[in-house]
Amino acid sequence: MNKPSTICIDLAKNVFQVALFNQHGKLKSNQKMSQAKMVTFIAQYPASMIYMEACGSAHYWGRYFQNNKHHVHLLPAQIVRMYRAGNKNDANDALAIYEAAQRPDIHFVSVKTTEQQDIASVLHLRESYIKQRTAISNRIRGFALEYGIKFPQSITKLRALLPLELEDPNNGLTSSARFVLHKLLNQLIELDKPIQEVTDYLISYAKQIPACQLLMTLRGVGWIVASALYARMGDASAYKCGRDASASIGLVPAHSGSGGHNKLLGISKKGDRTLRAVVVHGARSVVSNIKDKSDQLSCWLRALLERNHFNKVVIALANKTVRMACAMLKSNQPYQEKLPA
């Protein structure tokens, strides 16, 4: 049986670079095309192997080509960059995609379903509102420090203390400073409503997804964490094992070495920073509340705390949580808490 043709696409908004390779890996063409021309061109090669960078619109085109019976693989952009020869242009990028795809140890990015894409979009919207709120709160602290007023880091305390400072006539604030801080306080309060609306929508949507309901059985995993894990991992079929899933979000140690001498460093912090942050926050809440619990996980954490710093134990649990989530998504089985032997 003949091997299918291979098509590498460098995605863009309007003009797409399409490189066609025959069954023997020989380059047949590498040309720019409009969207309509690209779709017509690829339709001439049924059941072909299509490789693209995991960038903007890649998941949309991945689903489109999969629905048309093609075999689609997405490659991390940072990996493709290492195989580009010559100057940075679309033609060389398409060739670099092909070179990277031939590596036997390449890790492909799974194509997101529309459900995963929806969850990811709502999570990004929520994150953008939270970043705006953080920026405004930092701006308030910066302005207030110019007049000798300090606020704690908590947004809740800032929201409660700032009105008191604005009403205090003896704190050294000028009328212009009160005007600026009052406007910033209004912006801070106005952001609370959209953040709460997006959070409520995200939770109600996640409650309808069986995979998120399954992940909720894990300790330290709420609806936000469960939805973020599902948006990233899907059914976890793209990962050979749990460690691959944990490594993809930067929760395994980085290492550096030469001449056979390797040194383990801190966690690599690669991949999705927001997902890593929410998983670590969930793990921190679990480690902070083990107290005298007698289940196997709590006993394991208690033993780690005796010989490691608190933050190291939190990262160890976050790593374990992602590995367990990967196993649960693959097996479709809930987490079963074990009692000590």
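Every value quoted in this text rests on a predicted model; they were computed, and no experiment measured them.

Caption draft 1: The overall build of the protein chain, seen in detail. The secondary structure content of the protein chain amounts to 14 helices and 7 strands. Counting only C-alpha atoms, the protein chain reaches 80 × 60 × 50 Å along its principal axes. Here the protein chain holds 341 residues, and the buried ones make up 40% of them. Working note: accessible area of the protein chain is about 19,300 Å², and carbon and sulfur atoms make up 53% of it. Charge-centre separation for the protein chain: the mean point of 44 positive side chains lies 6 Å from the mean point of 24 negative side chains.

Caption draft 2: Here's a closer look at the packing of aromatic side chains. Tallying each qualifying case throughout the model produces 9 aromatic pairs. Each ring, one from Trp61 and one from Tyr64, has its centre 5.5 Å from the other, and the planes form 80°; the classification is edge-to-face. Here Tyr64 and Trp61 lie together in helix H2 (residues 58-67), a separation of 3 residues that amounts to about one turn. For Tyr64, a relative accessible area of 29% puts it in the partly exposed group. Both rings, one in Tyr64 and one in Phe65, keep their centres 5.5 Å apart while their planes meet at 75°; by these two values the pair is edge-to-face.

Caption draft 3: Region of interest: the nonpolar core. Counting residues in hydrophobic clusters, the biggest one holds 49 residues, and the most contacted among them are Leu215, Leu229, Met233, Val279 and Leu301. Broken down by secondary-structure element, the contributors of at least two residues to this core are helix H5 (114-145), helix H8 (192-206), helix H9 (210-215), helix H10 (223-233), helix H12 (273-288), helix H13 (296-307) and helix H14 (310-331). Residue contributions to this core peak at 10 residues, all from H14. Setting aside its immediate chain neighbours within four residues, Leu215 contacts Val221, Ala226, Leu229, Tyr230, Ala325, Met328 and Leu329.

Caption draft 4: Highlighting H8. For H8, with 15 residues, the first-to-last C-alpha span of 21 Å sits near the 21 Å given by 1.5 Å per residue. Those residues of H8 that fall on the buried side of the exposure criterion are Pro194, Ile195, Val198, Thr199, Leu202, Tyr205 and Ala206. Taken around the axis of H8, the buried residues stretch over an arc of 130°, which confines them to a single face. Elements in contact with the buried residues of H8: H5, helix H7 (175-190), H9 and H10.

Caption draft 5: Representation of the pairing of strand S4 (residues 49-53). Within S4, 5 of the 5 residues are buried, leaving the element largely enclosed by the surrounding structure. Residues of S4 alternate between two faces, with Met49, Tyr51 and Glu53 on one and Ile50 and Met52 on the opposite face, all of them buried. The pairing of strand S1 (residues 6-10) with S4 spans 4 bridges and is parallel. Opposite Ile9, over in S4, you have Met52 as the bridge partner. Sheet topology places S4 next to strand S5 (residues 71-75); 5 bridges connect them, and they run parallel. Directly across from Ile50, in S5, lies its bridge partner Val72. Regarding topology, H2 serves as the crossover connection from S4 to the parallel S5, and that connection is right-handed.

Caption draft 6: View of a positive patch on the surface. A cluster of like positive charges, contributed by Arg243, Lys320, Arg323 and Lys338, occupies part of the molecular surface. Looking at the element boundaries, Lys338 is found in the segment after H14. Relative accessible area serves as the criterion here: at 55%, Lys338 is assigned to the exposed category.

Caption draft 7: Structural detail: the environment of Val198. Within the secondary structure, Val198 sits in helix H8. The spacing of Val198 and Arg126 is 72 residues in sequence and 6.1 Å in space, taken between C-alpha atoms. Those residues in contact with Val198, other than ones at most four positions away along the chain, are Val122, Leu125, Arg126 and Tyr129.

Caption draft 8: Layout of the environment of Pro76. For Pro76, the location among the structural elements is in the loop between S5 and helix H3 (77-81). Overall, the relative accessible area of 14% leaves Pro76 in the buried class. The spatial distance from the C-alpha of Pro76 to the C-alpha of Asp244 is 15 Å, given a sequence separation of 168 residues. In this view, Pro76 contacts His107 and Val109; residues no more than four positions away in its chain are not counted.

Parameters at a glance
Residues numbered from 1 in each chain as written. Predicted model: local features only at pLDDT ≥ 70, side-chain atom pairs only at ≥ 80, totals over all residues. Heavy atoms only, no water. Helix = DSSP H or I, 4+ residues; strand = E, 2+ residues; numbered from the N terminus. Buried < 20%, exposed > 50% of the residue type's maximum accessible area, 1.4 Å probe, protein only. Areas by Shrake-Rupley, 256 points an atom, 1.4 Å probe, with all protein chains shown as cover. Lys, Arg positive; Asp, Glu negative; His and termini not counted. Charge placed at Lys NZ, Arg CZ, Asp CG, Glu CD. Phe/Tyr/Trp six-rings, centres within 6.5 Å; stacked < 30°, edge-to-face > 60°. Core = buried A, V, L, I, M, F, W, Y, C linked by side-chain atoms within 4.5 Å. Contact = heavy atoms within 4.5 Å. Expected span 1.5 Å × (residues − 1). Arc of directions from axis to C-beta. Pairing = 2+ DSSP bridges. Right-handed = clockwise from strand over helix to strand, strands pointing away. Patch = residues over 30% accessible without salt bridge, like charges linked within 9 Å, V, L, I, M, F, W, Y side chains within 5 Å. Salt bridge = Lys/Arg side-chain N within 4 Å of Asp/Glu carboxyl O.

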